[in-house]
Amino acid sequence: MGRGYIVDDAVEGYLSKLCEQQAGPVTGLLIGQSSTQRDFVVMATRTPQREESTAAAGNSFDKEWVTEHARQVSRMLPGGLSVLGVFIISDTDAKDTLTSLRQLVFAVENLISSERLWNPADDDVTECVTLHVNPKTRKTVCRTFDVKDPKSMAKPADWKYQSDVCSSWIMVSCCLNVDMLVPLPDNRTSTENMDKCLKEGLKVWAQQIESGVCLIDGKKLPEDTELTAGQKRNVRQSYTTQLLITPDEQRLTDVVQRCGGSVSVKGAIHCRTYLHSNKPKAKLAEKLLKRDVVSTVATRVQMVLEELLTSEEESKGSSRDKQQTEQFCLPRRIFCPVKVSGPVCVCDYQFSDEGLSEVTDRLKEMLDIDAVEQDLDTRQEITAEIIESSVAAEPTVETTVEVLEPKRNNYIGVAMATAVALLATAASMLYLNDV
C-alpha cells in the first residue's frame, strides 16, 4: 500500500453533495497538509463554472481552467495548507480517467510551484493525489503520482475518512516587520520587466527569511522538539513567534548598480501556519511559517502587478504621462475559518476600495465556502493610507514613506496595505546593499 490519507468527514459530505447535484464531470481540488508518514485532507473545493468554457463535450474537462483555479486557491492558503491534488466526479471508469488526472495533477503542481520563491527542502513530500468518485456507486479510487518524476506511474493510496481531523491542530503566528529594497533596471519598458526584477529581488529577500532565526514563545527550540505532548482532541494550542532576520554575512562589498528606480517594501504583516497534531516538530513550524511570510508578501506584490499590467493594456494608445508618480494600496490579509468550530483558517486579500461582501463572494467562488461578514477575521491587519508628506510627526501603525530626491521621475509607486509600503523612487545611480 502507498501513502495514507486521513480525510475529514466534511470532505466526504461535500463530495456526496456534489455527486447528488452532478450533471456532468465535476473537477476540484483537495486541500490539506502533507507529512512524512501520511497526508491530512481537510477540505475540497469544486472548480468554478467557466462562463466561456471551451472544454469539449462528454467527460473531458478544461485543464487550463482547473490549473488557474488551483493557482488562485494556493494564494488563499496560509502556512501549513496546500493543494494536495485533484478530484473528479464522473461515471466514466476510473481507469479511463487516470491518464487525464495524471496530466492534470502535474499541470497544477507545475503552475503553483512556478510562483514559489522559497527553496524546496529535502524532506518535502513530492507525491500528489488524484481521486476518482463514481456518482452512482460512490466508489472512490485514490492514486498518487510523484510530481518531481516526469515518468512517475500511478501508485495506490489508502483513503480513510475521520471526524474532526484538524480540530486539535496548532497555530503558530508572528507579526513581521518588512524592510527591503529592490532595484529596477534603467531600461525598464514594461510591467513584465518590472515583474521579473521584483521577483529576483524578492528571491534575495526570501533567502534572508529562510536563514532567519525563529523564536517560539521567546525561545530558540531544538529542531526535533515536539510542540505538543499528549494533546487532547478539540483542545486548541497556539504559539507566538518572533522571526529575527540577520544581515547577509557573505556580503563582501556594497554594489554600485545603474538603475531606473527602486522599490522599497516596508511595514508589518501578519503570518501564520497550522500544524497537524501528529507530534509536530519545531523544525516543521519554522519551515512552514517562513514560507508563509514569503508567500503572502509575494502574493500581494503579484496582485498589484497584475492590476498594473491590466491597466497598461487598457491605456495603450493613450497619452499617458510617463513622468507621473502612481501610488496604489496593496490588499490586506483577512482570515476565514474553514469550520466554525475549528482552528484552521483560509485567507483572502482585500483591496482598499473593496467591501467585505466582495471577500465573501471570492471565498464562495474559489473555495465554495458559505461565509458571512461576521465570520471574517479583519483584526490582524489594517488598511494603510497613502501619506503624501515625506515625514510623519510621530510613528504610527500606518505607513510612513520617506521619498528620495530623484533625478528623474519615470517610476511607479505603490503603497502596501497593513502598514506595508511599496514605493518606487527613481535615480540615475543608487548605492544598494545585497544586490
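Residues numbered from 1 in each chain as written. Predicted model: local features only at pLDDT ≥ 70, side-chain atom pairs only at ≥ 80, totals over all residues. Heavy atoms only, no water.

Q: Quick question: what am I supposed to make of the sheet that holds strand β3 (residues 38-46) here?
A: In a beta sheet, neighbouring strands pair by backbone hydrogen bonds and run either parallel or antiparallel. The sheet built from eight strands is open, its strands ordered β7-β6-β5-β4-β2-β3-β1-β8 with mixed pairing. Each edge of the open sheet carries a strand with a single partner, namely β7 (155-156) and β8 (158-162). Across the sheet, helix α2 (residues 63-75) lies against β2 (26-34), β3 and β4 (82-89), angled at about 35° from β2, the strand it touches most. (Pairing = 2+ DSSP bridges. Helix = DSSP H or I, 4+ residues; strand = E, 2+ residues; numbered from the N terminus. Contact = heavy atoms within 4.5 Å. Axes fitted to C-alpha atoms, helices over the stretch in contact; angles between N-to-C directions.)

Q: Which parts of the structure should I look at to understand the side chain of Thr273?
A: Within the element layout of this structure, Thr273 appears in strand β13 (residues 261-275). Of note is the side chain of Thr273, whose polar atom sits 3.0 Å from the backbone oxygen of Gly79. There is a polar contact of 3.2 Å between the side chain of Thr273 and the backbone nitrogen of Gly80. (Polar contact = N/O pair within 3.5 Å; in protein donor to acceptor, adjacent residues only side chain to side chain.)

Q: I would appreciate a short explanation of the pattern of salt bridges in the present structure.
A: Where side chains of opposite charge bring their charged atoms close, a pairing between them can arise. With the rule as written, the count across this model stands at 25 salt bridges. Between Arg3 and Asp39 there is a salt bridge, with the nearest N and O atoms lying 2.4 Å from each other. Highlighted residues: Arg3 in the segment before β1 (4-8) and Asp39 in strand β3, separated in sequence by 36 residues. No difference in accessibility class separates Arg3 from Asp39, as the two residues are buried. Notably, a salt bridge pairs Arg333 with Asp292, separated by 2.8 Å at the nearest N-O pair. With Arg333 in strand β14 (residues 332-337) and Asp292 in helix α5 (residues 282-314), the pair connects residues that are 41 residues apart, well separated along the chain. Residue class for Arg333 comes out buried when judged on its relative accessible area of 1%. Asp292 gets classed as buried once you look at its relative accessible area, which sits at 3%. Here the salt bridges do not stand alone but share partners, grouping Glu68, Arg71, Arg75, Glu115 and Glu306 into one network. (Salt bridge = Lys/Arg side-chain N within 4 Å of Asp/Glu carboxyl O. Buried < 20%, exposed > 50% of the residue type's maximum accessible area, 1.4 Å probe, protein only.)

Q: Explain the state of the cysteines here, please?
A: Note on terminology: disulfide describes a covalent bond linking the sulfur atoms of two cysteines. Within the structure shown, the criterion is met by zero disulfides. For the unlinked cysteine Cys271, the closest cysteine sulfur is that of Cys174, found at 4.8 Å. For Cys271, a relative accessible area of 0% corresponds to the buried category. (Disulfide = S-S within 2.5 Å.)

Q: Would you mind going over the packing of aromatic side chains with me for this structure?
A: Each aromatic ring pair is described using two quantities: the centre-to-centre distance and the angle formed by the ring planes. Enumeration according to the criterion identifies three aromatic pairs in this entry. Here the aromatic rings of Tyr5 and Trp159 are separated by 6.0 Å at their centres, their planes lie at 35°, and the arrangement is tilted. Residue Tyr5 is found in strand β1, and its partner Trp159 is found in strand β8; the two are separated by 154 residues along the sequence. Exposure remark for Trp159: the relative accessible area of 12% places this residue in the buried category. These aromatic residues form a ring-pair network of at least three members: Tyr5, Trp159 and Tyr161. The ring of Phe335 carries Arg272 above its face, with NZ or CZ at 3.8 Å from the centroid. (Phe/Tyr/Trp six-rings, centres within 6.5 Å; stacked < 30°, edge-to-face > 60°. Lys NZ or Arg CZ within 6 Å of the ring centre and 35° of its normal.)

Q: Please explain the confidence of the model for the chain as it appears in this structure.
A: Predicted coordinates in areas of low pLDDT are best not read in detail. Per-residue pLDDT for the chain has a mean of 79; in total, 75% of the residues score no lower than 70. Residue range residues 55-59 is modelled with pLDDT below 50. Its contacts to residues more than four positions away, or to other chains, number seven contacts. Confidence drops under pLDDT 50 across residues 389-435; counting only partners more than four residues distant or on other chains, this segment forms 159 contacts. (pLDDT = per-residue confidence, 0-100.)

Q: For this particular structure, what's the right way to read the environment of Ser34?
A: With respect to the helices, strands and loops of the structure, Ser34 is situated in strand β2. Assessed through its relative accessible area of 25%, Ser34 is described here as partly exposed. With 92 residues separating them in the primary sequence, Ser34 and Thr126 have C-alpha atoms 9.2 Å apart. Residues contacting Ser34, with those up to four places away along its chain left out, are Asp39, Leu84 and Val125. Engagement of the side chain of Ser34 in a polar contact is seen with the side chain of Asp39, the distance being 3.4 Å.

Q: How should I be thinking about empty space enclosed by the protein in this particular structure?
A: Any space left empty among the atoms is revealed by the rolling of a water-sized probe across them. Taken as a whole and assessed by the stated rule, the structure comprises two cavities of 30 Å³ or more. Its boundaries defined by the atoms lining it, the second largest cavity holds a volume of some 50 Å³. Lining the second largest cavity are Cys214, Ile216, Lys220, Leu221, Glu223, Ala282, Lys283 and Glu286. Looking at the lining of the second largest cavity, the elements with two or more residues in it are β10 (213-216) and α5. The biggest single contributor to the lining of the second largest cavity is α5, with three residues. Of the residues belonging to the lining of the second largest cavity, the class tally is four nonpolar, no polar and four charged. (1 Å grid on protein atoms, 1.4 Å probe; cavity = no way out; pocket = protein on both sides within 12 Å on 5 of 7 lines; lining within 4 Å. Points joined across faces, edges and corners; volume = space filled by probe spheres on them. Nonpolar A, V, L, I, M, F, W, Y, C, P; charged D, E, K, R; others polar.)

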